[in-house]
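# Coordinate inspection notes
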Amino acid sequence: MLIGKSALFFHQGHYHSRLKTLVRASLSPHRRLRHLTPRIQSLALSSLHSLAASAASAAVVSTFHELKKYSFDVAVLAVFGEVVVDPRCKRELSRDYGIVEKGYNSFPTRIPGTAYHAAVSARKRLGEIVREIITRERNNKEKKGLLLGQLLDFKDGEGGTLTDEEIADNLIGVVFAARDTTASVLTWVLKFLADDRKLLEAVKAEQMAIYEANEGGGECLTWGQIRNMPLTYRVIMESLRMASIISFTFREAVADVEYKGYLIPKGWKVMPLFRNIHHSPEFFPDPQKFDPSRFEVPPRPNTFMPFGNGSHACPGNELAKLEVLIFLHHLLTNFRWEVVGKGNGVQYSPFPVPLEGLPARFWREPRSSTPLKHSCNPF
Ligand code: HEM
């Protein structure tokens, strides 16, 4: 009801694989994402500017709440493209996503005044906004390779196309899958870095070397630089393991399976618990310790699955890592943050995030007197 019954998550077989091919193609790193990096950098910078602006008046913000705005903007950019969603439309989409999200884990009753009832109405409005965009873009020849364009242009072997409802459910679903997940991981990265000053300094040194090579931030990050941040990348991997934000998934045995002497009969539901695998001392010694160096060697196959595995594995994993790397570069080279309070405890909303979304203050590094660029074009 709240995502849309035609969204690919809920399907298998032919329909799922057709859609998955389109979603994957629209998010492929070399063909698509590298062209989005200048815009993602601009979004990271403007998000940091607004965060730091609030710190100027000593405001404490919920890190998760603020980062959700960034991950939402990036998702809208990757799915719809830049020109398609004007600022007013984006504000409406963001507001309605927020309401859907609140009702997503609430008791499903249609009684007016409940979170679920509000979420159903917000989902209806989201559908109307997205269908308007679809109608407008159908005849636009400049659709490029973004997901919206891919879905609109889709034709199967017999010339069949996707209905507006199928397109809308998938667009809405992909943005939904992208927003809180990425913001949650980024929030954990900031927490783990704040907890370990030595590591923070080492990651900062890696980013400062790139910053200096780019003439003190005068040049924008290049694709090659983003793909070569080994320590920062390992910190992200270790944060994904520690937080295991998608801690499990659902599957169904499609045939009788025998596993370690147990029979899982066909049709039984199976819940692989990613977090238990990620926290098993057999695969990750001293699993409660935050130690990015464990990723200096690749983990054993099927022991590290923050983005799932198999036919339903996450098609957005490269985008998620890219936007986190870009954000961290600009944060570490031009800004500082300070966690307010102990920063301990976990809250499920429904993904695990540090308690109260990690209250923190952000401010601009005093040494950076030059105005920061708001736009980037490294090509
Ligand atoms: C750090 C951020 C992210 C994490 C940890 C994450 C994790 C996951 C996981 C574990 C699954 C598989 C669920 C299952 O097997 O049942 C999944 C599926 C999915 N994710 Fe992500 N994801 C992230 C970001 C994104 C982004 C940025 C996008 C899109 C732009 C995205 C789009 C999707 C979609 C469409 C699926 C469904 C795939 C299918 O059913 O075939 N995700 N994600």
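Reading guide: rules and limits
- Residues numbered from 1 in each chain as written.
- Predicted model: local features only at pLDDT ≥ 70, side-chain atom pairs only at ≥ 80, totals over all residues.
- Heavy atoms only, no water.
- UniProt positions renumbered as here; feature names shortened; annotations may be inferred.
- Helix = DSSP H or I, 4+ residues; strand = E, 2+ residues; numbered from the N terminus.
- Rg over C-alpha atoms; globule rule 2.2 N^0.38 Å.
- Buried < 20%, exposed > 50% of the residue type's maximum accessible area, 1.4 Å probe, protein only.
- Contact = heavy atoms within 4.5 Å.
- Areas by Shrake-Rupley, 256 points an atom, 1.4 Å probe, with all protein chains shown as cover.
- Lys, Arg positive; Asp, Glu negative; His and termini not counted.
- Charge placed at Lys NZ, Arg CZ, Asp CG, Glu CD.
- Near = heavy atom within 4 Å.
- Polar contact = N/O pair within 3.5 Å; in protein donor to acceptor, adjacent residues only side chain to side chain.
- Pairing = 2+ DSSP bridges.
- Axes fitted to C-alpha atoms, helices over the stretch in contact; angles between N-to-C directions.
- Patch = residues over 30% accessible without salt bridge, like charges linked within 9 Å, V, L, I, M, F, W, Y side chains within 5 Å.
- Salt bridge = Lys/Arg side-chain N within 4 Å of Asp/Glu carboxyl O.
- Core = buried A, V, L, I, M, F, W, Y, C linked by side-chain atoms within 4.5 Å.
- Phe/Tyr/Trp six-rings, centres within 6.5 Å; stacked < 30°, edge-to-face > 60°.

As stated in UniProt under Cofactor (unreviewed entry), the record for the protein gives "heme". The protein has a UniProt comment under Subcellular location (unreviewed entry) that states "Membrane".

So, on to the overall build of the protein. A tally of helices and strands in the protein yields 12 helices and nine strands. Taking 379 residues into account, the globule formula puts the C-alpha radius of gyration at 21 Å, and the protein, at 21 Å, falls close to it. Taken over the C-alpha atoms alone, the protein extends approximately 60 × 60 × 45 Å along its principal axes. Expressed as a percentage of its 379 residues, the buried residues of the protein come to 49%. Here the analysis covers contacts within the protein between residues at least 6 apart in sequence; of these, 74% occur between residues at least 24 apart. With an accessible surface of roughly 18,800 Å², the protein has 56% of that area assigned to carbon and sulfur atoms. Separation between the mean location of the 49 positive side-chain charges and that of the 39 negative ones in the protein comes to 1 Å.

Moving on, we come to unusual backbone geometry. Positive phi, close to 60 degrees, is recorded for Asn302, a residue that is not glycine. Its identity as a non-glycine residue notwithstanding, Leu358 has a phi of 65 degrees, on the positive side. Looking at the element boundaries, Leu358 is found in the loop between strand E8 (352-354) and strand E9 (359-364).

What follows deals with the site of the ligand. Surveying the vicinity of the ligand reveals 26 residues, the closest of which are His16, Thr249, Arg251, His312 and Cys314. Here an oxygen atom of the ligand sits 2.7 Å away from a polar atom, N or O, in the side chain of His16. In this structure, Arg251 approaches the ligand through a side-chain N or O atom, which is 2.8 Å from an oxygen atom. For the shell around the ligand, the element with the highest residue contribution is helix H7 (residues 164-195), accounting for six residues.

In this section: the sheet that holds strand E6 (residues 335-339). Ordered in space as E1-E9-E6, the three strands form an open sheet in which the pairing is antiparallel. Two strands close off the open sheet at either side, each with one partner strand: strand E1 (61-62) and E6. Judged from the two bridges that link them, E1 and E9 form a sheet pairing that is antiparallel. Of the residues in E9, the one forming a bridge with Ser62 is Pro359. Set on the sheet, helix H12 (residues 317-334) makes contact with E6 and E9; between it and E6 the angle comes to about 90 degrees.

Following the UniProt record, one finds the feature "binding site: heme" (unreviewed entry) at Cys314. Considering the arrangement of structural elements, one finds Cys314 in the loop between helix H11 (274-278) and H12.

A few words on a nonpolar patch on the surface. A contiguous nonpolar patch, built from Phe248, Phe250, Met271 and Leu273 and spanning about 390 Å² of accessible area, is present on the exposed surface. Note that Leu273 resides in the loop between strand E5 (269-270) and H11.

What follows concerns the pairing of E9. Two elements, E6 and E9, share five bridges in a ladder whose sense is antiparallel. Across the sheet, the residue bridging to Val339 is Ala360, located in E9.

Okay, the nonpolar core next. Counting 100 residues, the largest nonpolar core has Ile40, Tyr70, Phe80, Leu171 and Phe327 as its most contacted members. With 15 residues, H7 is the largest single contributor of residues to this core.

Right, let's get into the packing of aromatic side chains. By the definition in use, this model includes 10 aromatic pairs. Between Phe248 and Phe250, the ring centres sit 5.5 Å apart and the planes meet at 80 degrees, which makes this aromatic pair edge-to-face. By relative accessible area, which is 33% here, Phe248 ends up partly exposed. By relative accessible area, Phe250 is classed as exposed at 58%. Relative to Phe304, the ring of Phe284 lies with its centre 6.5 Å away and its plane at 65 degrees, an arrangement referred to as edge-to-face. Linking Phe284 in the loop between H11 and H12 with Phe304 in the loop between H11 and H12, this pair joins segments that are 20 residues apart in sequence. In this structure Phe284 comes out as buried when scored by relative accessible area, which is 4%. Judged by its relative accessible area of 17%, Phe304 is buried. Through a chain of ring-to-ring contacts, three or more aromatic side chains come together here, namely Trp188, Phe192 and Phe290.

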